[in-house]
Amino acid sequence: MFDFIKKKIKDSINSIQKKLSKEEHSEEPQKFELERKGLQREEAAQTVELKKEEKKISAEIHEQQLKAPVKKEAIRKHDGEQRKTKQISEPKVKKQEKEVEKHRVFSHAINKEDIASLYAGIKDALLENNVAVSVLDAIHKDLEENLLGKEVSFLTNKKEIEGAIKKSISDVMFEYPVKNLMADIQHKKPYVILFVGVNGAGKTTTLAKLIHFFLKNGLKVTVSASDTFRAASIEQLEIHTKNLGVEIIKHNYGADPAAVAFDAIKHAKSENTDLVLIDTAGRSDINKNLIDELKKVKRVSKPDLTIFVGDALTGNDAVNQARIFDTEVGIDATILSKADVDKKGGAVLSISYITKKPILFLGTGQGYDDLIPFDKEKTANFLLD
Ligand SMILES: Nc1nc2c(ncn2[C@@H]2O[C@H](COP(=O)(O)OP(=O)(O)O)[C@@H](O)[C@H]2O)c(=O)[nH]1
Ligand SMILES: [Mg+2]
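Residues numbered from 1 in each chain as written. Chains lettered and ligands numbered in written order. Predicted model: local features only at pLDDT ≥ 70, side-chain atom pairs only at ≥ 80, totals over all residues.

Before going further, it helps to examine the site of ligand 1. The immediate surroundings of ligand 1 are formed by 18 residues, with G202, K203, T204, T205 and G363 found nearest. For the shell around ligand 1, the element with the highest residue contribution is helix α9 (residues 203–216), accounting for three residues. In the shell around ligand 1, the residues fall into two nonpolar, 12 polar and four charged. (Near = placed C-beta within 6 Å. Helix = DSSP H or I, 4+ residues; strand = E, 2+ residues; numbered from the N terminus. Nonpolar A, V, L, I, M, F, W, Y, C, P; charged D, E, K, R; others polar.)

In structure tokens, the structure reads:
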């Protein structure tokens, strides 16, 4: 994931970093910074010595004044000479300090122009990778909030800029931590999860991965075969439930999907199962039949969680589908499948910002274990690895 974006973001950071560093003036910034500090220390030590000497001279003068008050002129002369000799090294320090100053590490306050050029590079990369325009605007605004006016130096600016980009990107994503899901499940029995999405998005495969996940967590699961529309869908689901050893409630093809869900929930109650997972049919596009069917399933099953399953490979299409399913049926969270083969990552970056619904998991293959909890920080870090 993010193959193309990663390189472009890196290039963009490097070019703005060079600009901010004013490299032509600081050939060996670290060396000069250290040298400068060393000189400061040397100068401070000399000042202390001078102060001590001055005190000593003043005490001497005072003593001599007490002894011979008339010889003031001679004392003043002696005093002046003493001070002169002690200050010989001072101009040398100043000269060296000036030399270092010439090569000083420049500190720079980031302005709007800097952010605009940084953002220009990132924007193109994100656009090419299917990130929605409103998400880009949000990232730009966030970058300004995080970077504008920030003082950076050659030694720190790359870290600062990378940190700000990571934060701005992670700020447009929302996650549904798995521990919160597990806590929510404890509150209701059976906890009902409805899966929606277009044909081929990965609903059935993702549902099977979740059966495996819940079983590993010691929960009892019943499955509702509510895709009565697509040929072989019931058999596909049965293979998984057999493999995993859970009960499946099914009717015939063409039966009412809502009635299957109703039966599955009734069965789960009598068997004291923790969860009911409802598989549904998709269509090649989202039509009225599909929406009416899903609305009915939802009305009858009253799910505690409706998960939209989207194919990450389809980028903006998945984002648009999520928006329609949310408006028409209502979704609570998203799982993006096929993140393992998605080179772009646009849907992952856009979908939660656009729908305002969190991402729960990413599907990363066809095996039961190929499901990873979505972590926005890790995703943003990964982009800048
Ligand atoms: N590489 C990969 N393939 C997946 C993933 N999830 C699902 N698939 C495949 O996508 C195809 C459609 O999946 P399916 O679950 O039948 O989709 P449904 O029509 O929404 O139920 C199948 O060939 C799955 O094996 C995933 O995370 N990674
Ligand atoms: Mg299916």
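That was the structure; now back to the text.
Here we take up the packing of helix α11 (residues 257–271) against helix α12 (residues 288–301). Contact pair α11 / α12: the axes reach a minimum separation of 8 Å and the direction vectors enclose 20°. Judged by the inter-axis angle, α11 sits roughly parallel to α12. Viewed along their axes, α11 and α12 form a crossing whose handedness is right-handed. Taken together, the residues of α12 that come into contact with α11 (itself represented by P257, A258, A261, F262 and I265) are E293, K296, V297, V300 and S301. Across the contact of α11 with α12, the residue classes break down as seven nonpolar, one polar and two charged. (Axes fitted to C-alpha atoms, helices over the stretch in contact; angles between N-to-C directions. Parallel < 35°, antiparallel > 145°, perpendicular 65-115°, else oblique. Left-handed = near helix turned anticlockwise from the far one by under 90°. Contact = placed C-beta atoms within 7 Å.)

With that settled, consider the sheet that holds strand β5 (residues 247–249). Pairing is mixed across the open sheet formed by eight strands, whose spatial order is β5-β4-β6-β3-β7-β8-β9-β10. The open sheet terminates on both sides in strands that have one partner only, identified here as β5 and β10 (371–373). When the angles between neighbouring strand axes are averaged without regard to direction, this sheet yields 25°. Here strand β7 (residues 305–311) runs beside strand β8 (residues 333–337); their pairing, made up of five bridges, is parallel. Of the residues in β8, the one forming a bridge with V309 is I335. (Pairing = 2+ DSSP bridges.)

Attention shifts here to the pairing of strand β6 (residues 275–280). Across the six residues of β6, six count as buried, placing the element largely inside the fold. Burial of the side chains of β6 extends over both faces: L275, L277 and D279 are buried on one face and V276, I278 and T280 on the other. Judged from the four bridges that link them, strand β3 (residues 191–196) and β6 form a sheet pairing that is parallel. Paired with L194 across the two strands is I278, which belongs to β6. Of the strand pairs in this sheet, strand β4 (residues 221–226) and β6 are connected by six bridges, and their pairing is parallel. When the bridges of β6 are listed, V223 appears paired with L277. (Buried ≥ 20, exposed ≤ 12 C-beta atoms within 10 Å, placed from the backbone.)

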